[in-house]
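Below, each chain spelled out in residue letters.
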Amino acid sequence: MSVQTAMDEAQVDQAQADRASTDQAGTGRHDPAYNFAYLDEQTKRMIRRALLKALAIPGYQVPFASREMPMPYGWGTGGVQVTAACLEPDDVLKVIDQGADDTTNAVSIRKFFQRTAGVAVTEATGEASLIQTRHRIPETPLTEGQILVYQVPIPEPLRFLEPRETETRKMHALEEYGLMHVKLYEDIAHNGAISTAYAYPVKVEGRYVMDPSPIPKFDNPRLESPAIQLFGAGREQRIYALPPYCRVESLDFEDHPFEASKADHDCDLCGCGDSYLDEVIVDDEGGRMFVCSDTDFCATRRALGHAGRLSGEALA
Amino acid sequence: MTPLLQVDGLTKRYGARLGCGDVSFDLYPGEVMGIVGESGSGKSTLLSCLAGHLAPDAGRVVFDTRAEGARDVLTMSEPERRMLGRTDWAFVHQHARDGLRMGVSAGANVGERLMAVGARHYGDIREQAVDWLGRVEIPADRVDDRPRAFSGGMQQRLQIARNLVTGPRLVFMDEPTGGLDVSVQARLLDLLRGLVREMGLSAIIVTHDLAVVRLLADRLMVMKDGRVVEAGLTDQVLDDPQHGYTQLLVSSVLLV
Amino acid sequence: MYVAVKGGERAIDAAHEWLAHERRGDRAVPELSVAQIREQMSLAVNRVMAEGSLYDPDLAALAIKQARGDLIEAVFLLRAYRTTLPRIGTSRPVDTGTMRCDRRVSATFKDAPGGQVLGPTFDYTHRLLDFKLAAEGEVPQPPSGTPDTTPKPHITGFLGRDDLIQDEPASDEVPPDLTREPLEFPAGRALRLQALTRGDEGFVLGMAYSTQRGYGRNHAFVGELRIGTVEVEMEIPELGFDICIGEVVLTECETVNQFKGSKVEPPQFTRGYGLVFGQTERKAISMALVDRALRAEELGEENTGAPAQDEEFVLAHSDNIQATGFLEHIKLPHYVDFQSEMELVRRMRREAAAQGDVVAGQKEAAE
């Protein structure tokens, strides 16, 4: 059972309200030099068509004419374009990178949409109508009506087994995924375990093998979700999607089943025992602490009075 | 008895040049057909057309499928043909590196076909791989080695194991002993003969080496300039060749 | 200490301030104007326009100034700006036969109608540092003589008249647009040429060079290289005819390459083609060589596995904005993935150690 569900809802609301200083209401005005959410309407329509197709064929990579964005390829241009195509003026946007709202690239993308779309922003997972993420799925369970947008560097799960796009598209079309298991077999034969720790491949609705973007495999079980999940790869010009409640299985062997592992610690700040943790080196002697990678989740718990091993110390 | 494979009027042209012309024959279950001829005679073109690697210009290749009986392979959809290629059919290339994944272990090479048809138990896959390595005389402790580290003969035996692990009903072989030392050839031929008998395999073997067909093939087709010039039981054709070209082939072997 | 890990808005703002300061450099030195860059760094401006796929010398010069002279960064600025521009219409194909050439040379003929025109080239300069340029106030003499602006016929036209070179039939087909449709393989020649003309100069040069050294060799001669100004025309539906909307400087290179033929077809030379914005002849020649290498399959040549013959390899890696973005993104935090990998390695090491203990224990027990 997740810790979150054990919390009293009203308490959570209060805790989040206490931390509302991070929220900013929408200005309702965007930079007049650009169209709402930067992209022109034609481009947004083109992206929305790709998104609808992607939702209709879960896990299938839909080619789309990715535009040059004012941030570099590889820094979330795919996610930004998907977000831009989905945003409405009354949306509440949350942006995370590595699970944290205050990492540099998350800050940069959030600012971009505040400026070009004038939407409200929040750090509270539950408050957001649209969340753009890089490398994590929030700990707080998502709900129906929310959209989670992933930034994807390499959308093709077969890419490092077969570099040729013409070949991999054929392999998907013909459902020839034997090679994927050859890789997992080799992992076990040489290392005794499947040695993929992130971007762990999944099979969607029993049909397409999909790269869930470089989330840690700890997050894989949460790919089955009531929320809409959209994946954008700008440089590689691909969009794919998981509709709500879509079946998502992590590839494995019967006798080497998939395992969603994490550091064997509790969070040193909030004491949570089943959240994904960052390991932080705290001194020259290699002293470490473990803290939730999901900063909103951790702060909400602390506001509710949960405490970890080091929460008494003056850390912040 | 229904033929396993019926070939009818198979023709392939390369521009003005004939690859193979109007080739017809039947292959029955458990039968091994040899196709001989010198290089450029069209035997490899014929094999490629039969195996679906090359699209012929005319003709039919009808295979007796398990599920639906006789089907023309050439009109099958690409997924159907590929499925056939990893279940009922097998293809042994002349150069092992064309038929193996050189970058993954011997075990994975053998296991790939199993995984491609849905095997998902690591222990079982590995057990079968080790068993097959044994059957082609590769020591079990080489299971995690990559084929690069193998000798030419071992690579070829690994390719055979990789092909036979799913129990195919029809095996295509393109000069399976070509490029190997004579002593290695003999051992491989011996092994192949044992496997063909034991598994009751049907096979089509293309070779320029009459010793190979004498040892393995029940029947023989002799090709020259894209056409079949003589066909019959192997012993009959080799001992009493009728066509001038066959006579030349046989005598040139005897001269050696 | 924990705070230090988290970047935050303040850090970004401070970095931007510092960047602006560094861009300006020493305040005692006068600031560069955009016009100075446009006029005196024109080859850099040309490269930025070519790879930025936007013909606007002023904007390109501004981008170079803003990018502190980092040309790929400048290309990036131009491309991002280009995304926001509405597409009003499409020009007619430009006719390079009507070009007012500043430079026009052929390596395949000693002379030809229209003549050899060297133009403003580095070719025969001695690469000696000119210390006079370090002294200020030097104004070179304007070129003597009047430029010859009469149109010059294409050299390959002479070869075509005798069927000595393979014909490229004109087509009214609307070419695909790399910036409006996703790149899919196999890509036709029109799409390949688009990708090459905006591809990174260094990458295209390297690919072209590799063909000369045997990786997909195609024996190229520069049939003709011309640089000059052409008019851009657009059909105005309301008017029903074409009008000139401006002029652009282009570099065009046509190579004459190894012949092909067979018993039925008499041998003919083949072509490679390069066309690039601005005076950018290294890029145009490179483009022609790579274009020709990528035609190997179409011309029935053996694929030798050379990188320059591999359409997917060349097209997927030629764009420097894609390349630099993805390359540099590895500076972004990846600690979540690294953590997951570290846990896995630790666990596998623990299991290996435990197994080692078991083996050691068994050994001891056996002894």
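To keep things clear, this report deals only with the structure shown in the data block. Here the structure is a predicted model, which means the values were calculated and not measured.

What follows covers the pattern of salt bridges. All chains considered together, the criterion is met by 72 salt bridges over all chains. The salt bridge involving E165 of chain A is made with R169 of chain A; its shortest N-O contact spans 3.8 Å. With E165 of chain A and R169 of chain A both in helix α6 (residues 165–173), this residue pair falls four residues apart, about one helical turn. Among the ionic pairs, K65 of chain C bridges to E31 of chain C, the shortest N-O distance being 2.7 Å. Here K65 of chain C is found in helix α4 (residues 57–66), whereas its partner E31 of chain C is found in the loop between α1 (9–24) and α2 (34–40), with 34 residues between them in sequence. Residue E31 of chain C is classed as partly exposed on the basis of its relative accessible area, which comes to 43%. One connected set of salt bridges, linked through shared partners, spans E168, R189, R192, D291, R295, E298 and E311 of chain C.

By size, the foremost hydrophobic cluster in this structure holds 104 residues, and its most contacted members are F113 and Y185 of chain A. Per element, the largest residue contribution to this core is seven residues, and it comes from helix α7 (residues 178–191) of chain A. Grouped together as the second largest cluster of nonpolar side chains are 28 residues, A51, F63, W89 and F91 of chain B included.

What follows covers the interface of chain B and chain A. At the junction of the two partners, chain B supplies 22 residues and chain A supplies 17 residues. Where chain B abuts chain A, roughly 1,800 Å² becomes buried across the two surfaces, and 60% of that area is made up of carbon and sulfur atoms. Its largest share of buried area at the contact with chain A, chain B owes to R82, R120 and Y122 of chain B, together 40% of the area lost on that side. One can count two salt bridges joining chain B with chain A. Note that R82 of chain B and E176 of chain A form a salt bridge whose closest N and O atoms lie 2.8 Å from each other. Between the two partners, chain B and chain A, sit 10 residue pairs in polar contact (both at pLDDT 80 or more). For the side of chain B that touches chain A, the secondary-structure elements that each account for two or more residues are α2 (78–86), α4 (106–116) and α5 (122–135) of chain B. Of the residues that constitute the side of chain B that touches chain A, the class distribution is eight nonpolar, five polar and nine charged.

A few words now on the arrangement of the chains. In this assembly, two pairs of chains are in contact, and the pair contributing the most contacts is chains A and C. With respect to C-alpha atoms, chain B approaches chain C no nearer than 9 Å, and the pair has no contact.

Attention shifts here to the interface of chain A and chain C. Across the boundary between the two partners, chain A contributes 67 residues, which contact 48 residues of chain C. Buried surface at the junction of chain A and chain C, both sides included, amounts to about 4,800 Å², of which 58% is carbon and sulfur. R347 of chain C serves as the salt-bridge partner of E259 of chain A, at 3.6 Å between the closest nitrogen and oxygen. The interface formed by chain A and chain C contains 22 residue pairs in polar contact (both at pLDDT 80 or more). Counting residues per element, the ones that place at least two in the side of chain A that touches chain C are α5 (104–117), α6, β11 (277–281) and β12 (288–292) of chain A.

Analysis parameters
- Residues numbered from 1 in each chain as written.
- Chains lettered and ligands numbered in written order.
- Predicted model: local features only at pLDDT ≥ 70, side-chain atom pairs only at ≥ 80, totals over all residues.
- Heavy atoms only, no water.
- Salt bridge = Lys/Arg side-chain N within 4 Å of Asp/Glu carboxyl O.
- Helix = DSSP H or I, 4+ residues; strand = E, 2+ residues; numbered from the N terminus.
- Buried < 20%, exposed > 50% of the residue type's maximum accessible area, 1.4 Å probe, protein only.
- Core = buried A, V, L, I, M, F, W, Y, C linked by side-chain atoms within 4.5 Å.
- Contact = heavy atoms within 4.5 Å.
- Buried area = accessible area lost by both parts, 1.4 Å probe.
- Polar contact = N/O pair within 3.5 Å; in protein donor to acceptor, adjacent residues only side chain to side chain.
- Nonpolar A, V, L, I, M, F, W, Y, C, P; charged D, E, K, R; others polar.

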